[in-house]
Amino acid sequence: MSQSNVLFATNPGTTRKDLFASAIEISADLSKRAAALDREGRPPLAEIIKLKKAGLLNALHSREIGGGGLDWVDGLRLVRILARGESSIGQLLGYHFVNSQYVYWALDPARANALGEETVAENLYWGAAVNPRDPGLVLTRRGNGYVLNGRKTFSTAAHVSDYINANAALDDKVVGFTIRTNRPGYVANDDWDNFGQRLSDSGSVDFRDFPVYTEDFVGQPVAPDAAPPVLSTFNTPLIQLVFVNFYLGTAEGALQAALDYVRATTRPWVTSGVERAADDPYILERVGEFTASLKAATALADSAAAAVQTELAKGHSVTARERGAAAAEAYAAKVHATNVSLDITSRVFELTGARSTADKYRFDRFWRNVRTHTLHDPVFYKAKEVGEFVLNDKIPDVSLYS
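Residues numbered from 1 in each chain as written. Predicted model: local features only at pLDDT ≥ 70, side-chain atom pairs only at ≥ 80, totals over all residues. Heavy atoms only, no water.

(A) Inspection of the pairing of strand β3 (residues 145-152) at higher detail. Two elements, strand β2 (residues 137-142) and β3, share 5 bridges in a ladder whose sense is antiparallel. Bridged to Arg-142 within β3 is Gly-145. Counting the residues between successive antiparallel strands, the hairpin from β2 to β3 contains 2 residues, one of them, Gly-143, with a positive phi of roughly 60°. (Pairing = 2+ DSSP bridges. Helix = DSSP H or I, 4+ residues; strand = E, 2+ residues; numbered from the N terminus.)

Right, dumping it as structure tokens:
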């Protein structure tokens, strides 16, 4: 279940240029294999190892401990690049970024730094088991520690995670913790059968008398409705920006696949008056329309990432108001990215024609991927939160969705 027995420490000399070059190279390779990978729908163990070898998992960690030293704007661009080749791999990199960086916002500096150093040294992948709409996990005291029992119906990166963030009920309170998945009692199930994001490894996970210790806790147990420290709540706008960027990367990949197909295969329509489909004025119009939409959406995504990065950099001095205003920027980008990605991934067939719907191409995977994940949390609630902020000056309520 864990890849932690194989060490791929990041080369301390890895530069921003190196990381982006690696992401582009891996994305291009994924694009060539994407139809077959989608058909197989297996946990992407080999693909995660490639990210490890390239140093991409450690891109956001400081250079002092061997990481890439990138900020969130660049990290999210890496997510977008990978999603062009295969949407699930972009998702998995983004989820890892949020889960592995969360410790810096939620833990005391000494423990956070120790976990960061361990993560970089062993090139660990971080997942999570915190879906708030699942029935909760339960901690029970046993001996000098606890045992964790229960099931999470969805746990993205179930098989490939080395560490996970999780939370569970303890008596009448809730406690969060970080744990290695190589302890006994962690069972990743092969039951992800959704029609999209088939490489996201998002099946269920069972915890069967899984050992947990007080030193694993993230803070003390608290009442379920207790307000968390502001800094620790940045995981939500950032995970929403991960969504934004792998949606847009998927749409970029769909458009690129369509352009390649038009140049090589699509025949001009009989009344078009042109010899090449690439000269058809209606195809050209749609390519221009899709390109303009993507350029606007990616510019908004980068702007929103910069807004969140600016407030996150304030550390523990950041206010709820500042966090809320930045979150509203992220949610506006989420609304736009959802609409643009669904539109483009469904309409690229207007460029490629009837023959492109053959199963061997699996061009429908782009739409299936964004359609599946854009249902994660209803986009109209994100639009409502943006509207509330703009019209009524009300910042979004803090939750694992907003």
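Back to the write-up after that little detour.
(B) Region of interest: the packing of aromatic side chains. Inspection of every chain in the model, using the stated rule, returns 17 aromatic pairs. Ring centres of Tyr-95 and Phe-243 lie 6.2 Å apart, and the angle between their planes is 40°; on these two criteria the pair is classed as tilted. On the criterion of sequence distance, the pair formed by Tyr-95 in helix α4 (residues 87-106) and Phe-243 in helix α6 (residues 235-264) is long-range, its members being 148 residues apart. Here Tyr-95 falls in the buried class, since its relative accessible area comes to 11%. (Phe/Tyr/Trp six-rings, centres within 6.5 Å; stacked < 30°, edge-to-face > 60°. Buried < 20%, exposed > 50% of the residue type's maximum accessible area, 1.4 Å probe, protein only.)

(C) Focus on the nonpolar core. Counting 88 residues, the largest nonpolar core has Leu-51, Leu-56, Trp-72, Leu-78, Leu-93, Leu-238 and Leu-241 as the members making the most contacts within it. Top contributing element to this core by residue count: α6, with 17 residues. Apart from the residues within four sequence positions on either side, Leu-56 is in contact with Leu-19, Ala-23, Ile-26, Leu-51, Leu-78, Leu-93 and Phe-97. Among the nonpolar cores identified, the runner-up in size contains 20 residues, and Leu-148, Ala-166, Ala-168 and Leu-170 belong to it. (Core = buried A, V, L, I, M, F, W, Y, C linked by side-chain atoms within 4.5 Å. Contact = heavy atoms within 4.5 Å.)

(D) Layout of the side chain of Gln-240. Along the polypeptide, Gln-240 turns up in helix α6. Of the residues examined, Gln-240 reaches a relative accessible area of 1% and is grouped as buried. A distance of 3.4 Å separates a polar atom in the side chain of Gln-240 from a polar atom in the side chain of Asp-377. Setting aside residues no more than four positions away along its own chain, Gln-240 makes contact with Tyr-331, Lys-334, Asp-377, Lys-382 and Tyr-401. (Polar contact = N/O pair within 3.5 Å; in protein donor to acceptor, adjacent residues only side chain to side chain.)

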